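Topology and contacts: notes
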2 protein chains.
Amino acid sequence: MTAKTFSETHTIPYYEGNVTNHMTLAMLLNVVILVSEHQNETLGVDHKQLINNYGTGWIVTSYSIKINQMPAIDQTIKLTTRGTSYNKYFAFREFWIEDEAGNELVKIDSIWVLMNEETRKVTTIDSEIIAPYESENVKKVPRLPRPEKIGSDLDFSKKYQVRSNDIDFNGHVNNAHYLDWMVDVLPMDFIIGHTPVQVDIRFENEVKYGSWVESAATQETNDAGMIKTVHCIKSGEDTSAIATIIWKEAE
Amino acid sequence: MTAKTFSETHTIPYYEGNVTNHMTLAMLLNVVILVSEHQNETLGVDHKQLINNYGTGWIVTSYSIKINQMPAIDQTIKLTTRGTSYNKYFAFREFWIEDEAGNELVKIDSIWVLMNEETRKVTTIDSEIIAPYESENVKKVPRLPRPEKIGSDLDFSKKYQVRSNDIDFNGHVNNAHYLDWMVDVLPMDFIIGHTPVQVDIRFENEVKYGSWVESAATQETNDAGMIKTVHCIKSGEDTSAIATIIWKEAE
């Protein structure tokens, strides 16, 4: 059995991009979450139905993002997703982003858990909720590359206060904002001069409205001679998210 | 002669909304700017052509926004615009946002100037640039309501550092972000409990990447018994933008 796929197209407005004339990493996550929610709707298991019928909601714990080419402002992209496999606690969802000629621009692997909205604790994946995806029931879902732990010798650090607009319709911080904080800590010259080719990000603890987070990063050259930035978002003593980003020089 | 109108539809994704389940004011400006740029493209006078052929670009100096109903997440709206009139230095552009039944949700009046991209100074409006809109050449363009000057007794104040993602493809801060800073300074309970019905905003000085701005606001009840917030964004001693927002209680 192969899981059901769902596709839609999206044309990238200028406000989903930045000074590089390409989509921001945060917006890349926003649009893939949108396509997954559209699939959920067509299958009768969207976030409203989950809340109302089960008191649960999906949350992403980690993404592994491979970028052949960052989608550009005004470009029309085709987004495809499928809920590939799951076990008792974890679901593995894949995304593909293609240009109009069918070239793969971005591939995203993601791991999801179901959270009880009241207790904010992970729950087992109800078979009624997962059945419509025709996902494969597996013993172990794929393990995504774990982002590195940041060293103590920081190259970059900035503080951000969580804003009202960082909070989603569901009352939680939209995960995509972590990537905004992670990228913004890098110098503007670096952002203009480089484009991400691989992003591994893992979310560990929720941050709350009004609280301050520290975005810290180190920069080094990896074994393949590529620039690697290692990121950590902390709220007080809690680690909220960690990420490793590999970059190449912008064309 | 009546100016040419241009329309398109837009379905509001969750990430253009906030915890109120409605579009943010900043995203409202982003989508109307997008529809105006799409009209510019159809008329052969988009931002790339203006830069390449004339070394100029349009910028908005003020908006007057009347909101009957804030567009909701997942709602499909129809956006219509026209470059209604102009004189030597100013162009008056109108926007209408309707729901699918044709009810007017939002009406936006805006004043634009042409800026020389090198000198960052306002230039006269070249007749070649304005001709395609079939705008009316007038002596005086309409004067939009001037936002109030903020008092010295502030009710709310927060500082923000201009982020890399606040900077547009054209290297300037996207005007919409001023509204994010203005709204975010208000308490979350206020944002959840109220919806804007009128926004008058005026942009005075550009802010630069990396600089800190202070968003300050006062709250009072106006003569009609409605809640009014008066806003100011300052960068150092320079006033960057001022606004008056009238609110009603959210339903």
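Residues numbered from 1 in each chain as written. Chains lettered and ligands numbered in written order. Predicted model: local features only at pLDDT ≥ 70, side-chain atom pairs only at ≥ 80, totals over all residues. Heavy atoms only, no water.

1. A few points about the overall build of chain A
A tally of regular secondary structure across chain A gives five helices and 12 strands. Relative to the compact-globule value of 18 Å for 251 residues, chain A shows a C-alpha radius of gyration of 18 Å, a close match. Reported as C-alpha extents along the three principal axes, the dimensions of chain A are approximately 50 × 45 × 35 Å. Pairs at least 24 residues apart make up 72% of the contacts formed inside chain A by residues separated by at least 6 positions. For chain A, the exposed area adds up to about 11200 Å²; of that, 47% sits on carbon and sulfur atoms. Placing the 23 positive and 36 negative side-chain charges of chain A at their respective mean positions leaves the two points 7 Å apart. (Helix = DSSP H or I, 4+ residues; strand = E, 2+ residues; numbered from the N terminus. Rg over C-alpha atoms; globule rule 2.2 N^0.38 Å. Contact = heavy atoms within 4.5 Å. Areas by Shrake-Rupley, 256 points an atom, 1.4 Å probe, with all protein chains shown as cover. Lys, Arg positive; Asp, Glu negative; His and termini not counted. Charge placed at Lys NZ, Arg CZ, Asp CG, Glu CD.)

2. Topic: the relation of the copies chain A and chain B
Taken as rigid bodies, chain A and chain B are interconverted by a rotation of 180° and an axial shift of 0.0 Å, the fit giving an RMSD of 0.0 Å. Both copies of the chain, as the preceding transformation shows, are related through a two-fold rotation axis. The rotation axis passes nearest to the C-alpha of Tyr160 of chain A in chain A, at a distance of 4.2 Å. (Least-squares fit on C-alpha atoms with pLDDT ≥ 70 in both.)

3. Some thoughts on the packing of aromatic side chains
Overall, the coordinates contain 12 aromatic pairs over all chains when judged by the stated rule. A ring pair is formed by Tyr160 of chain B and Trp181 of chain B, whose centres lie 6.4 Å apart and whose planes are at 25°; its orientation type is stacked. Here Trp181 of chain B lies in helix α4 (residues 176-184) and Tyr160 of chain B lies in strand β8 (residues 156-161), a separation of 21 residues in the sequence. A single burial state applies to Tyr160 of chain B and to Trp181 of chain B, both of which are buried. The rings of Tyr63, Tyr160, Tyr178, Trp181 and Phe203 of chain A are connected pair by pair, giving a single aromatic cluster. For Arg93 of chain A, the ring lying beneath its charged end belongs to Trp112 of chain A, and the centroid distance is 5.9 Å. (Phe/Tyr/Trp six-rings, centres within 6.5 Å; stacked < 30°, edge-to-face > 60°. Buried < 20%, exposed > 50% of the residue type's maximum accessible area, 1.4 Å probe, protein only. Lys NZ or Arg CZ within 6 Å of the ring centre and 35° of its normal.)

4. Focus: the pattern of salt bridges
All names here are of chain A. All chains considered together, the criterion is met by 26 salt bridges over all chains. Between Glu206 and Arg120 there is a salt bridge; the shortest N-O distance is 2.9 Å. Taken together, the residues span a long stretch of sequence, with Glu206 in the loop between β9 (194-203) and β10 (212-221) and Arg120 in the loop between β5 (104-116) and β6 (122-123) at a distance of 86 residues. Notably, a salt bridge pairs Glu220 with Lys228, separated by 3.8 Å at the nearest N-O pair. Exposure remark for Glu220: the relative accessible area of 35% places this residue in the partly exposed category. (Salt bridge = Lys/Arg side-chain N within 4 Å of Asp/Glu carboxyl O.)

5. Focus on the domain arrangement of chain A
Put simply, an interface is often sized by how much accessible area is lost when its parts join up. Residue and element names in this part refer to chain A. Partitioning chain A into domains gives domain 1 (5-137) and domain 2 (156-249). Taking the mean C-alpha position of each, domain 1 and domain 2 sit 19 Å from one another. Carbon and sulfur atoms make up 57% of the surface buried where domain 1 meets domain 2, a total of about 1700 Å² over both sides. Counting across the domain 1 and domain 2 interface gives one salt bridge. (Domains from an automatic or database assignment. Buried area = accessible area lost by both parts, 1.4 Å probe.)

6. Some remarks on the pairing of strand β3 (residues 76-86) of chain A
Residue and element names in this part refer to chain A. Of all 11 residues in β3, nine are buried, a share of seventy percent or more. As paired elements, strand β1 (residues 5-11) and β3 share seven bridges and run antiparallel to each other. Residue Thr9 lies in a different strand from β3, and its bridge partner there is Lys78. Note: β3 against strand β4 (residues 91-98), eight bridges, orientation antiparallel. In the strand pairing of β4, Tyr86 is matched with Ala91. Hairpin remark: β3 followed by β4, antiparallel, with four residues in the connecting loop. (Pairing = 2+ DSSP bridges.)

7. A short note on a nonpolar patch on the surface
Residue and element names in this part refer to chain A. A cluster of nonpolar side chains, Tyr89, Phe90 and Val122, forms an exposed patch at the surface whose accessible area comes to about 250 Å². Mapped onto the elements, Tyr89 comes out in the loop between β3 and β4. Owing to a relative accessible area of 34%, Tyr89 belongs among the partly exposed residues under this scheme. (Patch = residues over 30% accessible without salt bridge, like charges linked within 9 Å, V, L, I, M, F, W, Y side chains within 5 Å.)

8. Considering the side chain of Arg82 of chain B
Residues and elements named next belong to chain B. Examined against the element boundaries, Arg82 turns out to sit in strand β3 (residues 76-86). A polar atom in the side chain of Arg82 sits 3.2 Å from the side chain of Thr84. A polar contact of 2.9 Å, which involves the side chain of Arg82, links it to the side chain of Glu94. Excluding its chain neighbours within four sequence positions, the residues that come into contact with Arg82 are Thr2, Ala3, Lys4, Thr5, Gln39, Phe92, Arg93, Glu94 and Trp96. (Polar contact = N/O pair within 3.5 Å; in protein donor to acceptor, adjacent residues only side chain to side chain.)

9. Details of the environment of Thr239 of chain A
Residues and elements named next belong to chain A. The residue Thr239 is located in strand β12 (residues 238-249) in this model. It is 8.6 Å that separates the C-alpha atoms of Thr239 and Phe203, two residues lying 36 residues apart in sequence. In this structure, Thr239 is in contact with Glu204, Asn205, Cys232, Ile233 and Lys234, ignoring residues within four places of it in sequence.

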